[in-house]
Amino acid sequence: MTHSPFRILVVLAAAAAGCRRAPAPSATPSPLPEYVFRCPDGGAELRARYVADSVVLQLPAGTATLPLAPSGSGARYANDTLEFWEHAGAVRVAQRGRARYEGCRRVTAADGGGRTP
């Protein structure tokens, strides 16, 4: 019994028509949780969003994105001039090696997010 190429195409097309495609990914990704830290020196407020291997910081002076950096303990993110270090429940932000904010504590995940990494 031989099958014509047309018959094979019809069978394949019918099989493919019955297959469902996976839904397309959402065009708008869900927002990442934002964590709020309050500092003891004057009550400065810092905000952090952890994104893969980096953190996006909102500081009183502006916004910065820092890559993950080696750390003996805690979560440390740094570039050539700025460092954000979360360790044992406290945050330290240093600029060019000098502490700008120290002893800041997380007060909330601003938009209902979970834990920090």
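Values in this document were obtained by computation on a predicted structure and should not be read as measured data. (Residues numbered from 1 in each chain as written. Predicted model: local features only at pLDDT ≥ 70, side-chain atom pairs only at ≥ 80, totals over all residues. Heavy atoms only, no water.)

1. Re the state of the cysteines
Tallied over the entire structure, the rule returns one disulfide. Across the disulfide, Cys39 is cross-linked to Cys104 (sulfur-sulfur distance 2.0 Å). Residues Cys39 and Cys104 are joined through a disulfide that is right-handed, its torsion about the S-S bond being 95°. Of this pair, Cys39 sits in the loop between strand S1 (35-38) and strand S2 (45-51) while Cys104 sits in strand S8 (residues 98-109), and the two are 65 residues apart along the sequence. Of the two residues examined, Cys39 and Cys104, each falls in the buried class. (Disulfide = S-S within 2.5 Å. Helix = DSSP H or I, 4+ residues; strand = E, 2+ residues; numbered from the N terminus. Buried < 20%, exposed > 50% of the residue type's maximum accessible area, 1.4 Å probe, protein only.)

2. Quick word on the environment of Ala94
With respect to the secondary-structure elements, Ala94 resides in strand S7 (residues 90-95). C-alpha of Ala94 to C-alpha of Phe84: the two residues are ten residues apart in sequence and 6.8 Å apart in space. Setting aside its immediate chain neighbours within four residues, Ala94 contacts Thr81, Leu82, Glu83, Ala99 and Arg100. (Contact = heavy atoms within 4.5 Å.)

3. Quick look at the nonpolar core
Most often, soluble globular proteins have nonpolar side chains that are buried together. Of all hydrophobic cores here, the largest spans 20 residues; its most connected members are Phe37, Leu46, Tyr50, Val55, Phe84 and Val93. Mapped by element, the contributors of at least two residues to this core are S1, S2, strand S3 (54-59), strand S4 (62-69), strand S5 (75-78), strand S6 (82-87), S7 and S8. (Core = buried A, V, L, I, M, F, W, Y, C linked by side-chain atoms within 4.5 Å.)

4. Observations regarding the pairing of S4
Relative to S4, S3 runs antiparallel, the two sharing six bridges. When the sheet's bridge partners are listed, Val55 is paired in S4 with Leu66. Hairpin connection from S3 to S4: two residues lie between these consecutive antiparallel strands. Sheet topology note: the S4/S5 ladder contains two bridges and is antiparallel. From the neighbouring strand, Leu68 faces S5, where its bridge partner is Tyr77. Here S4 hands over to S5 after five residues, with Gly74 in that stretch at a positive phi of 85°. (Pairing = 2+ DSSP bridges.)

5. Notes on the packing of aromatic side chains
Following the criterion strictly, the structure yields four aromatic pairs and no others. Aromatic side chains Phe37 and Phe84 sit 6.0 Å apart centroid to centroid with 70° between the ring planes, which places their arrangement in the edge-to-face category. Placement of Phe37 in strand S1 and of Phe84 in strand S6 is noted, with a sequence separation of 47 residues between them. When the ring of Tyr77 is compared with that of Phe84, the centres are 6.4 Å apart and the planes differ by 45°; the resulting orientation is tilted. We note that Tyr77, like Phe84, is buried. Linked through ring pairs, Tyr35, Phe37, Tyr50, Tyr77 and Phe84 together constitute an aromatic cluster. Lying across the ring of Trp85, Arg76 places its NZ or CZ 5.5 Å from the centre. (Phe/Tyr/Trp six-rings, centres within 6.5 Å; stacked < 30°, edge-to-face > 60°. Lys NZ or Arg CZ within 6 Å of the ring centre and 35° of its normal.)

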